[in-house]
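For reference, the chains in residue letters:
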Amino acid sequence: MSYLGPEFDPPQPRRFRRRPLVVGLAALVPGALLGWLVYEAVGAPGDTGGPHRASAVATPRHTGGSPSARDDDKPPTGSPTPAAPAPSASAAVPSASAPAASGPLKGKVVVIDPGHNPGNVQHGAAINRQVDIGTNRKECDTTGTSTNDGYAEARFSLDVAHRLRTLLQQQGATVKLTQDGDRPYGPCVDERARIGNTAHADAVVSIHADGSAPGNRGFHVILPAAVHAGAADTRPIVGPSRDLGERIAGNFVRVTGSAPSNYLGDGTGIVTRKDLGGLNLSTVPKVFIECGNMRDSKDAALLTSGAWRQKAAQGISEGIVSFLRG
């Protein structure tokens, strides 16, 4: 609210009946007016804003509110005034990499791998080319799945990745994403592994949602099997990856309330695989998480909820923090 003056009406001047006094006042008015004009021309002491300064200073500049649960991956516009809420961490740092802040994870590097890419559907030939995953050759990448209403796994994974990045940065971690929707397709699974390796990441998590049959519900975490073939040697990371995966699974249950998969992992929410290039080629602790089944209507209702995706990111984050802090 602009400040325009006192919150009361100025006193009205009295009317005097004595004519000589009126004449005297009339004589003084021209002199007072001349003095006022000189004062305005010179300027009041210390006043640099002119007659509208008070109003201009007091009028706040609109900066927009803080992002909603569904829009927190969109940086807020404008610079906040001193009274405005601080911008979210996701708006204050680059998308691919961030300088470490102070916190319990300062000095730790986490790589988040958002599964697939929203642009993959337009680059079929590129993502279908074969790449070496150590044990054999597989497609560079895939389009991923979607809910029956068309909400794509690639959109889901990127949204959760943004939320997770924010939470980890608040703990002081340096966070890198393998992709941020900023490339036409991919990266290929071998490059996704290489990004984590090159970063010397302390932990890598690949975020996905499954596309199984209706009625199959729940999440599962995928661990690397012990693989020693071609360019793959996961033996040094099998142990720490299991520790990371079990901590994520436990915290995911606690924070989201979701049950472990009823169709994989015998109720543990833990599955081990040796056919995923992103795991086979990793030299740092890494797991995948399938956060739910997009083809089941009940799971889909959760996966399409911004509030639930925030819980999913929180559960994954707390698992990573627990792992990194030992």
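Before any of the text, the structure's been laid out above.
A few points on the structure. (Residues numbered from 1 in each chain as written. Predicted model: local features only at pLDDT ≥ 70, side-chain atom pairs only at ≥ 80, totals over all residues. Heavy atoms only, no water.)

Quick look at the side chain of T145 now. Along the chain, T145 turns up in the loop between β3 (137–139) and α5 (153–170). We classify T145 as buried; its relative accessible area is 16%. Leave out the neighbours within four places in its chain, and T145 touches A152, E153, A209, D210, G211, M294 and R295. (Helix = DSSP H or I, 4+ residues; strand = E, 2+ residues; numbered from the N terminus. Buried < 20%, exposed > 50% of the residue type's maximum accessible area, 1.4 Å probe, protein only. Contact = heavy atoms within 4.5 Å.)

As a further point, take the packing of helix α7 (residues 238–256) against helix α10 (residues 306–325). Across the interface, α7 lies against α10 with an axial gap of 7 Å and an inter-helix angle of 140°. For the element pair α7 / α10, the angle class is oblique. Of the two possible hands of crossing, α7 and α10 adopt the one that is right-handed. Taking contact as the criterion, the partners of P240, D243, L244, R247, I248, N251, F252, R254, V255 and T256 in α7 are, on α10, W308, K311, A312, Q314, G315, I316, E318, G319, I320, S322 and F323. (Axes fitted to C-alpha atoms, helices over the stretch in contact; angles between N-to-C directions. Parallel < 35°, antiparallel > 145°, perpendicular 65-115°, else oblique. Left-handed = near helix turned anticlockwise from the far one by under 90°.)

This brings us to the sheet that holds strand β10 (residues 286–293). Across the sheet, six strands lie side by side as β4-β1-β5-β10-β6-β9; this open sheet has mixed pairing. Two strands lie at the open edges of the sheet, namely β4 (174–177) and β9 (270–273), each paired on one side alone. Across the sheet, the mean angle separating the axes of adjacent strands is 25° when strand polarity is ignored. Set on the sheet, α7 makes contact with β5 (203–210), β6 (220–224), β9 and β10; between it and β10 the angle comes to about 30°. (Pairing = 2+ DSSP bridges.)

To continue, consider the nonpolar core. By size, the foremost hydrophobic cluster in this structure holds 38 residues, and its most contacted members are F156, L168, I316 and I320. Of all the secondary structure elements, the ones that give two or more residues to this core are β1 (109–114), α5, β4, β5, β6, α7, β10 and α10. Element by element, the count of residues in this core is highest for α10, at eight residues. When sequence neighbours within four positions are dropped, the list of residues in contact with I316 reads V160, L164, V205, I248, F252, I289 and C291. Formed by six residues, the second largest nonpolar core is a distinct cluster that contains V109, A199, A201 and V204. (Core = buried A, V, L, I, M, F, W, Y, C linked by side-chain atoms within 4.5 Å.)

On to unusual backbone geometry, then. Backbone geometry follows two general trends: most residues other than glycine have a negative phi, and most peptide bonds adopt the trans configuration. Here the residue pair G186 and P187 is connected by a cis peptide bond, since its omega of 10° sits within 30 degrees of zero. The residue P187 is located in the loop between β4 and α6 (189–198) in this model. The phi dihedral of D266 falls on the positive side, at around 50°, and the residue is not glycine.

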